[in-house]
Each structure stands twice: as structure tokens, then as C-alpha cells.
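Structure at a glance
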Amino acid sequence: MTITFLGTGTSQGVPVIACNCEVCTSADLRDKRLRTSILVEGYGQVIVIDSGPDFRHQMLRANVQRLDAILFTHEHKDHIAGLDDIRAFNYKQQGPIDVYAELRVQKALKREFHYIFDDFKYPGIPQLNLHTIGLAPFAIGELKFIPIEVMHYLLPVLGFRINDFTYITDAKSVSGIEKEKIKGSKILVINALQKQSHISHFTLDEAIAFAEEMGAQKTYFTHISHRLGTHNAVSALLPANIELAYDGLKLEI
Ligand SMILES: [Zn+2]
Ligand SMILES: [Zn+2]
């Protein structure tokens, strides 16, 4: 299985529009972060987790030739805004894309992209097949997913464990039951927004503590704000088995 980080930035991305801070003006390509998403390829499947506002650019940049499914973690705009651009895959594959989301998230998709679900279907609109997920494990072909519920302040958000790989984007707290599902993962991806405290995201220190508690061999941080610092500067502060993810990073698992 191959994981590609399509985006590792928080909701505004990095650089932030009109920001001239050290991070936003950094020449290091690892400080250019599109909105958070990963590509999962394996067992004959090509799957994206979240299609944020940069989805089109991410598909072009990673040269994705086929898409079987999109999984949504939650309905915030930085995770769903790019859904309209599945049209290219509808056209090329001559069929709908499978979309896996909780009912609450589906309700938001129907509100935000009402034209996709209208009775009268205007020619050329995105085509998708909705699949309802919850906390029960599910499979897409041979690829098995264990949903993990984390709390993004008051909003429940899904993370996913795929074999020994666990991906969580927007956590502020995780219950003991859900932590048990994560334990034993060899690779963990978790959000680390910034050093300052935040109502709905792990800070750098909280993410490090969580990574150490989960005990994965390797942990990568994502959903990163320009306020966290440059990739170089922050990397120097991290324990040996924790790294900042960056756009384009590939993991073979
Ligand atoms: Zn900035
Ligand atoms: Zn987010």
C-alpha cells in the first residue's frame, strides 16, 4: 500500500493569502502546504481521504489517473470543497465515484452540492454513489477500514485505520475506547496545528504527547498552520520517531 500526502496544511493552507511571515515566505517546498488530504493506493484501489478546496490541483500534481472512492472525515469546508472536480474522473471512467461518509456529513454534502442530488440532473454534473459509514469496520474491495471517532471540539470526526496505518486529521480529544483502536499501529498520522492552544486542534505538545501514548513506530504530523513554524525549525524540536509530513511525501506500508 502506498500513502501519498496530497496536502498537509490547515484550513487556510500555507502560505496564507497576504501573509508575509517567515513560514509563508519560506523558499522550502516543504513549507507549501495545500489543504489536508491523502491518497491511498493498494489492493487494486485508488482512494482519497477528503476532497478539500485543492482537490483539483492535488490530482494534477500527483498525476492521479483513476479514482475509485472518496472517504470523508467530516464536513468542514477544507475537507469537502473540491468534490465538484470528480467530474474529470466521471468522464474518464464513464461512471460514478463511490463516496463514503457518515449521514451527518452526507446531509452537508447535499446542502453544499445540492445540484448533484437534484431530481433534475443538469448534464455534466458530478456523479457519485453515496455509501453510509459509521463506527463499524467496512471494506472497499480488499482494503479494510476501521473508523476511529475523534472529537474536533464538539464535532465528531472520523479517522481511519487501514491495517497498521492510522490517519487522523482533526482531533482535539480521543476517548479511551477509540485510542484502543489506534494502538498497535506502526504508522500514525495525527494533526498538529500550532504551538499555541486551540479549541479544536491538538497543539504541537498535545500531538507529541498523543503520539507517545499511542506508541507507533513512526508518527507524522499534518493539518499544519503557518503559526507552527518552518518545517526545518519544527523538525529540530521533534523526537526521533516523529516527523512533520509535507506535501508529496510518500509512505510505502
Ligand atoms: Zn504566514
Ligand atoms: Zn480540517
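One can find the structure itself at the top, above this paragraph.
Residues numbered from 1 in each chain as written. Chains lettered and ligands numbered in written order. Predicted model: local features only at pLDDT ≥ 70, side-chain atom pairs only at ≥ 80, totals over all residues. Heavy atoms only, no water.

Taken as a whole, helix α7 (residues 204–214) has its buried residues at Leu-204, Ala-207, Ile-208, Phe-210, Ala-211 and Met-214. Looking down the long axis of α7, one finds its buried residues gathered within 165° of arc, a one-sided arrangement. Among the exposed residues of α7, those oriented more than 90 degrees off its buried face are Asp-205 and Glu-212. A positive backbone phi angle near 70° is found at Gly-215, which sits one or two residues after α7. (Buried < 20%, exposed > 50% of the residue type's maximum accessible area, 1.4 Å probe, protein only. Helix = DSSP H or I, 4+ residues; strand = E, 2+ residues; numbered from the N terminus. Arc of directions from axis to C-beta.)

Now for the sheet that holds strand β2 (residues 37–42). Strand order in the open sheet formed by 7 strands is β6-β5-β4-β3-β2-β1-β14, and the pairing between neighbours is mixed. The two strands at the open ends of the sheet, each matched to only one other strand, are β6 (128–132) and β14 (250–252). Each adjacent strand pair in this sheet contributes to an overall mean axis angle of 20°, direction not counted. Pairing analysis gives 3 bridges linking strand β4 (residues 69–71) to strand β5 (residues 97–101), with the strands arranged parallel. Bridge assignment links Leu-71 to a residue of β5, and that residue is Tyr-100. (Pairing = 2+ DSSP bridges. Axes fitted to C-alpha atoms, helices over the stretch in contact; angles between N-to-C directions.)

With that settled, the discussion passes to the coordination of the zinc ion (ligand 1). Listed as protein donors to the zinc ion (ligand 1) are Cys-19 (SG), Cys-21 (SG), Cys-24 (SG) and His-226 (ND1); their distances from the metal cover 2.1 to 2.3 Å. Coordination at the zinc ion (ligand 1) comes from 4 donor atoms whose angles at the metal span 105 to 116°, giving a geometry best classed as tetrahedral. All donors to the zinc ion (ligand 1) come from one chain, and their sequence spacing reads C-x1-C-x2-C-x201-H. For Cys-21, a relative accessible area of 25% corresponds to the partly exposed category. (Donors = N, O, S within 2.8 Å, 3.2 Å for Na, K, Ca; no water. Tetrahedral: all angles 85-135°; square planar, octahedral: opposite > 155°, others 65-115°.)

Here we come to the coordination of the zinc ion (ligand 2). Here the zinc ion (ligand 2) is held by the protein donor atoms Asp-78 (OD), His-79 (NE2), Asp-170 (OD) and His-223 (NE2), which lie 2.1 to 2.6 Å from it. When the donor residues of the zinc ion (ligand 2) are listed from N- to C-terminus, their spacing reads D-H-x90-D-x52-H. A residue pair is termed long-range when its members are at least 10 positions apart, and His-79 in helix α2 (residues 77–80) and His-223 in the loop between β12 (218–222) and α8 (231–235) qualify at 144 residues. Relative accessible area serves as the criterion here: at 0%, His-79 is assigned to the buried category.

Taken in spatial order, the 7 strands line up as β7-β8-β9-β10-β11-β12-β13 in an open sheet, and their pairing is mixed. Taken across any chain shown, the strands that pair with only one partner, and hence form the sheet edges, are β7 (138–140) and β13 (242–244). Adjacent strand axes in the sheet meet at a mean angle of 25°, parallel and antiparallel pairs treated alike. Pairing between strand β11 (residues 187–191) and β12: 5 bridges, direction parallel. Pairing of Val-189 across the sheet is with Tyr-220, part of β12.

The subject of this paragraph is the pattern of salt bridges. Tallied over the entire structure, the rule returns 15 salt bridges. When the shortest N-O distance is used, the salt bridge between Asp-247 and Arg-61 registers 2.8 Å. In this pair, Asp-247 sits in the loop between β13 and β14 while Arg-61 sits in helix α1 (residues 55–61), placing the two residues 186 residues apart along the sequence. The class of Asp-247 is buried, set by a relative accessible area of 12%. For Arg-61, a relative accessible area of 43% puts it in the partly exposed group. For Asp-68, the salt bridge goes to Arg-66, with nearest N and O atoms at 2.6 Å. What makes Arg-66 partly exposed here is its relative accessible area of 36%. One continuous salt-bridge network, built from bridges that share partners, spans Asp-84, Asp-85 and Arg-87. (Salt bridge = Lys/Arg side-chain N within 4 Å of Asp/Glu carboxyl O.)

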